[in-house]
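# Analysis of the macromolecular model
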Amino acid sequence: MSAVPSTAHRHDQPANHAAPKARAVELSGWGRHPRSECALLEARGAEDVLGAIAGNQTLIARGNGRSYGDPALNPAGTLSLLKSNRFIDFDPASGMLTCEAGVLLEDVIDTFLPRGWFPPVTPGTKFVTIGGMIASNVHGKNHHLAGSFGNHVESLDLALADGQVMRCSRTENESLFEATCGGMGLTGVILRARFRLMPVETSFIRRETRRLRNLSEAMDAFEAARDWTYSVAWIDCLARGDALGRSLLFLGEHARADELPGPRRLSPLALPKKHSRTVPIDVPGFVQNRWSIGAFNELYYRIAPPGTDVLDYDRFFYPLDGILEWRRLYGRAGLVQYQCVLPLAASRAGLTLLLKRIADAGLGSFLGVLKLFGQQKSGLMSFPMEGYTLALDFPASAKTLALFPVLDAIVADHGGRLYLAKDAATSPAMIERFYPGLAQFRAVRKRVDPAGKFTSLQSRRLGL
Ligand SMILES: Cc1cc2nc3c(=O)[nH]c(=O)nc-3n(C[C@H](O)[C@H](O)[C@H](O)COP(=O)(O)OP(=O)(O)OC[C@H]3O[C@@H](n4cnc5c(N)ncnc54)[C@H](O)[C@@H]3O)c2cc1C
């Protein structure tokens, strides 16, 4: 790999760059709600990004479209970074990787795991770009120990509205760095980033599964398991009464070579075979109802065996990636995800109320996820805070969209917030309550982008 040019203080001067050609395409986020016809431009490297910035009145960067709602949509100009996907430099002594923003996390893992390196933080899908991970300041199952992805970013190069490129880090252009980690693409276009991978001995995870009969047991188990590197629970959001919040807790550690079963010790860093299946058609909406979901949840809760096993990283971190286009299970209308976090002290009361409202509405989903976050140390608009986060998928229907404001009010009243990377429906008034860093974020944006070039459907809907 070529060395990184010494651009530690590079501030490119605006120049005349040609804008890549746009084509009209219907786009959406992962949830397929909302959809919008957008002028899509593709950038193959920094020159194209600067051309797109110069040639478009408004613009938003787009990674792999794995945010659920509308943050990566701008009808007047959506700039795909997927073809800006080169590795630039890797230091095998420290694990420091520099790459363009459109590199997929999957490619980072496929390239560096066989050499003994793994991402320090990963979301529940590997089909995300590094730029998207920074813009959402994503969290993983190890947030309580490792924080968000932004905590591991050494520096990033950001193309601004006026065509300058600024290197940002915790010591250089700090306020811009803090606004960009979690800033949903609204400060500029991330061109490249430098971040540290972590050393691992094997590509396997030692997992412990625990079955917990209700929310209280689940929370106690999370809090007793803070020393585990990874923890996440699947929660049955349709269970009621004494079983409200019953969960399966999955704990994980990177396995050591001596923990692998015999034959696997011969190639402890091997990548698993890729066997993805796909959902070939949109499943009609009526297939998902209180009874089908309830039956699935009952079965899942009963058959997952408690105990310890060793499995490859793909099955531990990315179970959904094995079923390509699983979103089609929600029919053509799509899905919306509700992900909130509540402060630790208010979590028990707030989660109980949220789960009751959801079970009463009969609107649960197959996949409810509960997780305990640690303290959040980076990003003005970052989602995590110390406490519990709950994430649930719902069919995108009028009934769901009527329930969300009720959930929002519970979250706000308990001092919590909603995750912008999953949002498609909240309101400006709620965002003001959820994000105390909003005023400071707006001030940074005003300074670097006074005319508001970087906007998305989400930023306009929420007045960010
Ligand atoms: C199955 C699934 C599981 C998930 N699990 C988790 C999880 O566990 N934790 C978590 O935190 N998130 C999770 N997510 C959400 C996902 O990690 C984020 O939405 C992430 O931002 C998606 O990356 P992307 O490359 O697809 O970005 P996109 O969805 O394309 O864009 C997301 C945002 O990033 C901005 N952006 C993208 N590239 C750039 C760039 N180069 N410069 C500036 N801004 C940019 C966009 O403008 C947009 O605002 C999950 C999503 C799915 C579908």
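Refer to the preceding data block for the structure.
Residues numbered from 1 in each chain as written. Predicted model: local features only at pLDDT ≥ 70, side-chain atom pairs only at ≥ 80, totals over all residues. Heavy atoms only, no water.

This part takes up the packing of helix H9 (residues 344-361) against helix H10 (residues 398-413). Interhelical geometry of H9 versus H10 gives an angle of 165° and a closest axis separation of 10 Å. In this view, H9 runs roughly antiparallel relative to H10, as classed from their interaxial angle. For the pair H9 and H10, the sense of crossing is right-handed. Where H9 abuts H10, its residues Gly350, Leu353, Leu354, Arg357, Ile358 and Ala361 lie against Lys399, Leu403, Val406, Leu407, Ile410 and Val411. Grouping the amino acids of the contact of H9 with H10 by side-chain chemistry returns 9 nonpolar, 1 polar and 2 charged. (Axes fitted to C-alpha atoms, helices over the stretch in contact; angles between N-to-C directions. Helix = DSSP H or I, 4+ residues; strand = E, 2+ residues; numbered from the N terminus. Parallel < 35°, antiparallel > 145°, perpendicular 65-115°, else oblique. Left-handed = near helix turned anticlockwise from the far one by under 90°. Contact = heavy atoms within 4.5 Å. Nonpolar A, V, L, I, M, F, W, Y, C, P; charged D, E, K, R; others polar.)

Surrounding the ligand, one finds 34 residues, the nearest of these being Ala61, Arg66, Ser67, Thr129 and Tyr419. Gly63 has a polar backbone atom sitting 2.7 Å from an oxygen atom of the ligand. One of the side-chain nitrogen or oxygen atoms of Ser136 is found 2.7 Å away from an oxygen atom of the ligand. Relative to its unbound accessible area of 960 Å², the ligand is 96% covered by the protein chains. Looking at the shell around the ligand, the elements that each hand over two or more residues are strand E3 (60-62), helix H3 (130-135) and strand E10 (189-196). For the shell around the ligand, the per-class residue count stands at 18 nonpolar, 13 polar and 3 charged. (Near = heavy atom within 4 Å. Polar contact = N/O pair within 3.5 Å; in protein donor to acceptor, adjacent residues only side chain to side chain. Areas by Shrake-Rupley, 256 points an atom, 1.4 Å probe, with all protein chains shown as cover.)

Within the open sheet, the 4 strands sit side by side as E1-E2-E4-E3. Their pairing is mixed. Edge positions in the open sheet fall to strand E1 (23-28) and E3, since each of these has one partner strand only. Looking at each pair of strands side by side, their axes are set apart by 45° on average, direction ignored. Direction of pairing for E3 relative to strand E4 (residues 78-80): parallel, over a ladder of 3 bridges. Within E4, the residue paired with Ala61 across the bridge is Leu79. (Pairing = 2+ DSSP bridges.)

Right, let's get into the environment of Ala39. Its location among the elements puts Ala39 in strand E2 (residues 35-42). Remark: the alpha-carbon pair of Ala39 and Lys21, spanning 18 residues in sequence, is separated by 9.1 Å. Non-local contacts of Ala39, meaning those with residues more than four positions away in its chain, are made with Ala22, Arg23, Asn74, Pro75, Ala76, Gly77 and Thr78.

Applying the stated criterion across every chain, the model contains 16 aromatic pairs. With a centroid separation of 5.5 Å and an interplanar angle of 75°, the aromatic rings of Phe394 and Phe404 are classed as edge-to-face. With Phe394 in strand E20 (residues 387-395) and Phe404 in helix H10, this residue pair connects regions lying 10 residues apart in the sequence. With respect to burial, Phe394 and Phe404 carry one shared label: buried. (Phe/Tyr/Trp six-rings, centres within 6.5 Å; stacked < 30°, edge-to-face > 60°. Buried < 20%, exposed > 50% of the residue type's maximum accessible area, 1.4 Å probe, protein only.)

In this section: unusual backbone geometry. Negative phi is the rule for most residues except glycine; trans is the rule for most peptide bonds. A cis amide bond links His33 with the next residue in sequence, Pro34, at an omega value of 0°. Tracing the backbone shows Pro34 in the loop between E1 and E2. Positive phi outside glycine occurs at Arg32, with the angle close to 60°. Mapping Arg32 onto the fold places it in the loop between E1 and E2. Relative accessible area serves as the criterion here: at 10%, Arg32 is assigned to the buried category. Phi is positive for Asn173, which is not a glycine, with a value near 50°. With relative accessibility at 27%, the residue Asn173 sits in the partly exposed group.

Pairing is antiparallel across the open sheet formed by 5 strands, whose spatial order is E5-E6-E10-E8-E9. Edge positions in the sheet fall to strand E5 (87-91) and strand E9 (165-169), since each of these pairs with one other strand and no more. With strand direction ignored, the average angle separating the axes of adjacent strands in the sheet is 10°. Where E5 and strand E6 (residues 96-100) come together, 4 bridges link them in antiparallel fashion. Residue pairing for E6: Phe90 is matched across the bridge by Leu97. Where helix H1 (residues 46-55) meets the sheet, its contacts fall on strand E8 (153-159), E9 and E10, and the angle it forms with E10 comes to roughly 140°.

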